[in-house]
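A structural walkthrough
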Amino acid sequence: MKRRILSYFMRMLTVAVALTMVLMALVTYGMFKTRMNEDLSVDAQVIRPLLESDDAGRVMEELSDALRVTVIAQDGAVRYDNRGDAAQMGNHLDRTEVAQALREGEGRDVRDSQTMETSTFYYAVRLEDGSVLRVAKEASSIWSIYLNALPLILLAMALMIAVSFFAAHLLTDRLVDPIRRLTADMDGEHSAASYPELQPFMRTIRSQHEEILRSADMRVEFTANVSHELKTPLTSISGYAELIESGMAQGEQAQRFAGEIHKSANRLLTLINDIIKLSQLDSPEHRIEREVVELGQIAEETVNQLRDSAEKMNVTLIADVKPGWISADKRMMEELIYNLCDNAIRYNVRGGSVCVEVRPVRERVLLVVQDTGIGIGREHQERVFERFYRVDKSRSKATGGTGLGLAIVKHIAAQHDAAIAVESELGSGTTITVSFERVMR
Ligand code: ADP
């Protein structure tokens, strides 16, 4: 950024300096020209009465170094010239200043010499007798003035550019410095003192920064939790296997231990499966494959998979579905409904019930999973969607929970822009509602 500001600055300065130089030269030359013209008319006025005097020839002769004086007859013939032989000179009617003087009383012209080194300024004035008096003076041409002054101009330009370069450096440093300070100290109070124009940008950056920190924290916490969760079943597997290996457990007992090993291994598998699902949902490459699906039918099928476990818990499972079309990833919908119903069964009471409802309401399709279970205390209602957050750890584990089911639900809902609402009362049951955007057909 600094380099861009600097280079932009330098380009601007170079153009400005060059332009100033050219303008200055033009203005100076213009002033010089006006001055020259004024001088010439004064000269002509002085010379005019002298022409009548007796020693006019001598005076003109003396003047000839500084001033060329010519007298031209009305017909253009040169009558007198203090720098040459008048008789040798051609007709002067075609000279701009002479023609103009004959017409208007006064005439001027500037002509460059062939080499362009000098310019001659002419002033002509009509006399009473109809002839024309012309005075002329040479001066360096604009080009030679430029050429002579070029080293000086270049030097001045270089100097100005050098000074500007340092100034630009200083300025860009001062411009960029607050930004640099900000980068070095994201959370510090310096950030508040920087440019007001940068405030919205800073707010975004800072909130992103916080987000990154938070997500890093969460990752560390998640890793710690995962390790801990994996350790428990593995410790138990290792312990039972050791007992069997050493021959301390025999017969029926060995069989029971093998059963425990089997149970722990299954726990590990479900846990790892859930972790894989979550990490897939987390990965930035993960794309959900949406298609228009009928949520009622998916709910019905998923509920049927859970009939056995409901029966085992002595829980009545009811599906009350109406057709509701949404744009979603079908497998994810199965996962979401499964997790919600599984919880509704596992955290229920003997003889309780679970009702799964799909119902289109205006522009939405609602999935409502209602149970008559133990309920979730108000203080836990938000947190149950966190990874590994359980209200009653032993009950969760005893029923095969991983603590990740609702985290997966929350993730899937977010990816489908669906809203989740929890309503629950301890001892009387929980209702979880997920609201999807409806596809009209
Ligand atoms: P878990 O595998 O432990 O069930 P979840 O993420 O699915 O993990 O749920 C987190 C916690 O939320 C559970 O441990 C449980 O305490 C509570 N919970 C979830 N669903 C219900 C429900 N329907 N009724 C009561 N408590 C529930």
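Above this note sits the structure.
Residues numbered from 1 in each chain as written. Predicted model: local features only at pLDDT ≥ 70, side-chain atom pairs only at ≥ 80, totals over all residues. Heavy atoms only, no water.

1. A word on helix H12 (residues 405-415)
Stated precisely, the cut-off is as follows: Any residue under 20% of the maximum accessible area for its type is buried, any over 50% is exposed, and the rest in between are partly exposed; the area is computed with a 1.4 Å probe on protein chains only. Here a helix means four or more residues in a row that DSSP labels H or I, a strand means two or more in a row labelled E, and each is numbered from the N terminus. Contacts are assigned to residue pairs that have any heavy atoms within 4.5 Å of one another.
For H12, a buried count of eight out of eleven residues is recorded, marking the element as mostly surrounded by other parts of the structure. Those residues of H12 that sit buried are Gly-405, Leu-406, Ala-407, Ile-408, Val-409, His-411, Ile-412 and Ala-413. Buried-residue contacts for H12 involve helix H7 (252-282), helix H10 (330-346), strand S11 (419-425) and strand S12 (429-437). Phi for Asp-417, located one or two positions after H12, is positive at around 50°.

2. Looking at the pattern of salt bridges
Threshold: Within this document, salt bridges are pairs made up of a side-chain nitrogen of Lys or Arg and a carboxyl oxygen of Asp or Glu, the two lying within 4 Å of each other.
If you walk through the whole model with that rule in mind, you get 26 salt bridges. The salt bridge partner of Arg-68 is Asp-81, with a shortest N-O separation of 3.1 Å. Taken together, the residues span a long stretch of sequence, with Arg-68 in strand S1 (residues 68-72) and Asp-81 in strand S2 (residues 78-81) at a distance of 13 residues. Judged by its relative accessible area of 4%, Asp-81 falls in the buried class.

3. Some remarks on the sheet that holds strand S7 (residues 316-321)
Selection rule: Pairing between strands is defined by DSSP: at least two bridges between them are needed. Whenever a helix is involved, its axis is fitted only over the stretch in contact; in every case the axis is a line through C-alpha atoms, and angles between N-to-C directions fall within 0 to 180 degrees.
Read across the open sheet, the five strands follow the order S7-S9-S10-S12-S11; overall the sheet is mixed. In this open sheet, the two edge strands, each paired with only one partner strand, are S7 and S11. Neighbour to neighbour, the strand axes of the sheet diverge by 10° on average, direction disregarded. Two elements, S11 and S12, share seven bridges in a ladder whose sense is antiparallel. By the bridge assignment for S12, Ala-419 is matched with Ser-435. Packed onto the sheet, H10 meets S7, strand S9 (353-361), strand S10 (364-371) and S12 and runs at close to 25° relative to S10.

4. Overview of the layout of surface pockets
To keep it simple, the criterion reads: Note on definitions: the grid is 1 Å and covers protein atoms alone; a cavity is a set of points where a 1.4 Å probe fits but cannot get out; a pocket is an open set with protein on both sides within 12 Å along at least five of seven lines; lining residues have an atom within 4 Å of a point. Grid points are joined across faces, edges and corners, and a volume is the space filled by probe spheres set on the points. These domain limits were set by an automatic method or by a database of domain assignments.
In this structure, the largest pocket encloses a volume near 1000 Å³. Looking at the largest pocket, it is lined by 44 residues, and the ones nearest its centre are Asn-339, Asp-342, Asn-343, Arg-346 and Tyr-347. Contributions of two or more residues to the lining of the largest pocket are made by H7, helix H8 (295-305), helix H9 (307-312), H10, S10, H12 and S12. Counting residues per element, the lining of the largest pocket draws most heavily on H10, which supplies ten residues. For the lining of the largest pocket, the domains that each give at least three residues are domain 2 (209-282) and domain 3 (291-437). Computed from the structure, the second largest pocket encloses a volume of approximately 690 Å³.

5. Topic: the side chain of Ser-41
Selection rule: The definition of a polar contact used here is a pair of N or O atoms within 3.5 Å, where within protein one atom must be able to donate a hydrogen and the other to accept one, and adjacent residues in sequence count solely through side-chain atom pairs.
Mapping Ser-41 onto the fold places it in helix H1 (residues 2-50). For Ser-41, the side chain forms a polar contact with the main-chain oxygen of Glu-38, separated by 2.9 Å.

Worth remembering: the numbers are spatial, not functional.
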